[in-house]
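Chain residues, written in single-letter form:
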Amino acid sequence: MSSPVKTPLKEHLQAKLPYPLHSLVDIAFNFWWSWTSEQVSIFRSISPQMWEQYHHNPVKLLECLPSERLAQLATDPHYIKRVKALADQFKQYMQATDTWASREASQFSRQQPIAYFSIEYGFGLCLPTYAGGLGILAADHLKSASDLGLPLVGVGLLYRQGYFHQCLNAQGWQEEQYWDYPVEELPLELCQDEDGETLTIEVQLGKRLVKAQVWQLQVGRVNLYLLDTDCEDNEPNDRHLTDRLYSGDRDTRISQEILLGIGGVRVLQRLGYEPQIYHLNEGHAAFAMLEVARLEMERTGKTFDEVKDSVRGKGVFTTHTPVPAGHDAFSSEQVDHYFSHYWSQLGLSKQEFMALAKQPSEDDEDSFNMTVLALRLCKAANGVSKINGEVCRQMWSGLYPECCVDEVPIDYVTNGIHAHTWTAPLMSDLYDQYLGEDWANREIDERVWERVDEIPDREIWWRHQRLQERLIAFVRSHVQLTRRKRGDSDESIQETERLFDPNVLTIGFARRFSSYKRGDLIMHDPDRARAIICNLERPVQIVFAGKAHPADDKSKEIMQRLVEWSHHPDLKNRIVFIEDYDMHIAEKLVQGVDLWLNNPIRPQEACGTSGQKASFNGVINCSILDGWWPEAYQTTVGDKGLNGWAIGDGTSVDDPELQNQLDAESLYQLLEKEIIPCYYDRDEEGLPHRWIAMMKASIKTVAPFFNSDRMVKEYVQKVYLQPVKALEPITVR
Ligand SMILES: *Cc1c(COP(=O)(O)O)cnc(C)c1O
């Protein structure tokens, strides 16, 4: 099924492009292009400069291309051949019937699919609907569902301004900038109703009825529907409701979540879908299950209690956040304001309604907790790594007084990443040669990855070095541009030419700046760190990136300390903070550094997928044993790292200051005694064979398991198809 869409832009492009290039239009309107063998090159090679200027938006690029350039392309036999090959590949992909899901999950169909709800999605630079790992995970989930032929539709919100753009002022303090993305120029299509009018749904927010229109984004064979309140009929304030992700007050937050959950279910109903499963990626979308119940009551004439089991049978919930404060909760007054019209439609009293989302232990009588709501109304729940599953069982055990912590029905499915999205073409080309061209379709087969051993050391190192040079060129030009924009001195702008050295061990640290991730751990003992970095024979360089939430001053202070430190005369060419972290920067970093560092406070890292992206590119991980790393980390007989390094021994102390000291000490020792000696141990040709052996071990041990194909298959088999168990959280009255 695919809904009717308005396609003025598509039609316009079709008319504009000369015949041999026609198929580029369909390709541009399906994010599938971003993970083909050509990746971005089919578009970027048309005009690298315009590609950057338009934030990697292929539709805008085609739209703005001068006609001489189009005529050139249309008469370039080499380019036409590439377009034709890609168009054939696209057609085959879209029409394939012999897929994994056709064999293993045939109970799902286009009309009765899995519905996947997420407040963020990270598909690419041109679509700013993500803040971090949660969104990237959601996008990778959709891509793998498409690759596996799994009938699935996504639901989310379209943020016209996205999360925010980060600028650091001269004092290293994060400032936020917002601007509108030109939504009408993105590879999105507006859904239409039966009469050819823009399809809208309504939700009630307090006293107001608010409309939302729906944009369809094609992700291979999967459709993603993004709700957008910027409709002419809405009050001016409501038109801005979906401007920004994770910003604004509690009212904006609950309104966005009502729109996503309740509005999202209405969209799917309007489009004719009858989902068999509603998968909630985090608690933000938990209101969806209320609307599923309401519709079922309406359809069957039954009561809430009577439909509850059947509703639970359709819900599955993935929880990420391992700290209680990270879970969305709304006040009783907010619930009054936004739901007083709604609980009566469910035949519930306010008290019964509140009880659906109340923690039994909660002193705060008033709180309506979205995670509790999701746990109550879903048949299955899971964390996103083994250790995260344990933490979640512990955290929510109060809801299940009749069972011990180990029996709390929260399982885990460890996250994985989409291989073709995150593997550099230079590396995937190597895998094509040595593993076979279909390696990505057989990536969960460990035997495929055994063949990594056959890649000559010289060959893999050569490619890794090229990727590192590209990263360094990117770092220099990016930093130069930000210094220019900030109005820094000419001297400082010129100095960017001396930033970084391709022959130096390069460490990457990039993720959201949230205080538990301890972005400044490496400078715990600044003198010792400086001695390590500035060692004359065996120096180290580090690239940092990441945004702090606009309201999180504590994390902004961590960032500021780090940036100030990087200005030290000894360090200024060795440490750099890249502003405005996004998927494009993430890609450059995970493909181009030597070592990927992660040092969160245990056990607060839900999973941490960036290290998995690094492994696919032969980058080695050095991480606290938290999130996914305890599942992946392997040692040799001598208890040394085989496929990477572990900071600490996987135990924790209660005193946070002491913990920082212990972890920093462990990190320094690893760097001094193992990592740096290993990297600089070269043969006469300059090859670091011991390091390369670890690169290969990193690829071989991580790739077969920590990919999103394995993850989606596990969701199907372990979660979506799980029978409803009787065990459900107690309801407090
Ligand atoms: C992969 C990715 C993340 C997630 O990183 P973690 O290691 O899970 O913290 C965050 N932001 C971007 C842009 C990413 O690409």
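Our structure is the block above this text.
Given the structure is predicted, the values throughout are model-derived calculations rather than measurements.

Peer 1: Teacher, can you tell me more about the pattern of salt bridges here?
Peer 2: In this structure the tally under the stated criterion is 46 salt bridges. The salt bridge involving E469 is made with R466; its shortest N-O contact spans 2.9 Å. Separated by three residues within a single helix, E469 and R466 lie in helix 21 (residues 457-486), roughly one turn from each other. A relative accessible area of 30% places R466 in the partly exposed class. Several salt bridges share partner residues, and in doing so they unite R160, E184, D228, D230 and R239 into one network.

Peer 1: Would you mind showing me how to read the nonpolar core here?
Peer 2: Core analysis: the biggest nonpolar cluster contains 91 residues, and W449 and W691 have the highest contact counts within it. Among the elements that make up this core, the one with the highest residue count is helix 28 (residues 656-680) (10 residues). Not counting chain neighbours up to four residues away, the residues in contact with W691 comprise W461, L505, D594, L595, I620, W645, I675, C678 and Y679. Membership of the second largest hydrophobic core comes to 79 residues, among which are L260, W343, L346 and V372.

Peer 1: Would you mind going over the pairing of strand 7 (residues 200-205) with me for this structure?
Peer 2: Remember that side chains alternate between the two faces of the sheet whenever the strand is regular. Only one face of strand 7 is buried: it carries I201, V203 and L205, and the other face, with T200, E202 and Q204, is open. With six bridges joining them, strand 7 and strand 8 (residues 208-219) adopt antiparallel strand pairing. Note that in strand 8 the partner of E202 across the bridge is K211. The antiparallel hairpin formed by strand 7 and strand 8 contains two residues in its connecting segment, where G206 sits at a positive phi of about 65 degrees.

Peer 1: Before we go on, may I ask you to explain the packing of aromatic side chains in this structure?
Peer 2: Aromatic ring pairs are described here by two measures, namely the spacing of the ring centres and the angle between the planes. Enumeration according to the criterion identifies 37 aromatic pairs in this entry. Taken together, a centroid distance of 5.7 Å and an interplanar angle of 80 degrees make the contact between W33 and W51 edge-to-face. Remark: W51 occurs in helix 4 (residues 48-53) and W33 occurs in the loop between helix 2 (23-28) and helix 3 (41-44); sequence separation between them is 18 residues. For W51, a relative accessible area of 1% gives the class buried. Between W439 and W449 the ring centres are 5.7 Å apart and the planes differ by 75 degrees, which places this aromatic pair in the edge-to-face class.

Peer 1: Even after reading the chapter, I still don't get unusual backbone geometry, so can you show me in this structure?
Peer 2: In most cases, non-glycine residues show a negative phi, while peptide bonds are predominantly trans. Residue P603 follows R602 across a cis peptide bond; omega there is -15 degrees. Residue placement: P603 occurs in the loop between strand 19 (595-598) and helix 26 (610-616). For F500, which is not glycine, the phi dihedral falls at a positive 65 degrees. By secondary structure assignment, the location of F500 is in the loop between helix 22 (490-495) and strand 16 (505-510). For F500, a relative accessible area of 3% corresponds to the buried category. Not every positive phi belongs to a glycine, and D639 is a case in point at roughly 65 degrees. Of note, D639 is situated in the loop between helix 27 (629-632) and strand 21 (644-647). Relative accessible area serves as the criterion here: at 61%, D639 is assigned to the exposed category.

Peer 1: What's the story with the sheet that holds strand 18 (residues 575-578) in this structure? I'm lost.
Peer 2: The strands that make up a sheet pair up through hydrogen bonds in the backbone, lying either parallel or antiparallel. Taken in spatial order, the six strands of this open sheet run 18-17-16-19-20-21, and their pairing is parallel. On the outer flanks of this sheet lie strand 18 and strand 21, each paired with one strand and no other. The mean inter-strand angle of the sheet, taken between neighbouring strand axes irrespective of direction, is 20 degrees. Bridge count for strand 17 (residues 540-545) against strand 18 is four bridges, and the pairing is parallel. Along strand 18, the bridge assignment pairs I542 with I575.

About the thresholds
Residues numbered from 1 in each chain as written. Predicted model: local features only at pLDDT ≥ 70, side-chain atom pairs only at ≥ 80, totals over all residues. Heavy atoms only, no water. Salt bridge = Lys/Arg side-chain N within 4 Å of Asp/Glu carboxyl O. Helix = DSSP H or I, 4+ residues; strand = E, 2+ residues; numbered from the N terminus. Buried < 20%, exposed > 50% of the residue type's maximum accessible area, 1.4 Å probe, protein only. Core = buried A, V, L, I, M, F, W, Y, C linked by side-chain atoms within 4.5 Å. Contact = heavy atoms within 4.5 Å. Pairing = 2+ DSSP bridges. Phe/Tyr/Trp six-rings, centres within 6.5 Å; stacked < 30°, edge-to-face > 60°. Axes fitted to C-alpha atoms, helices over the stretch in contact; angles between N-to-C directions.

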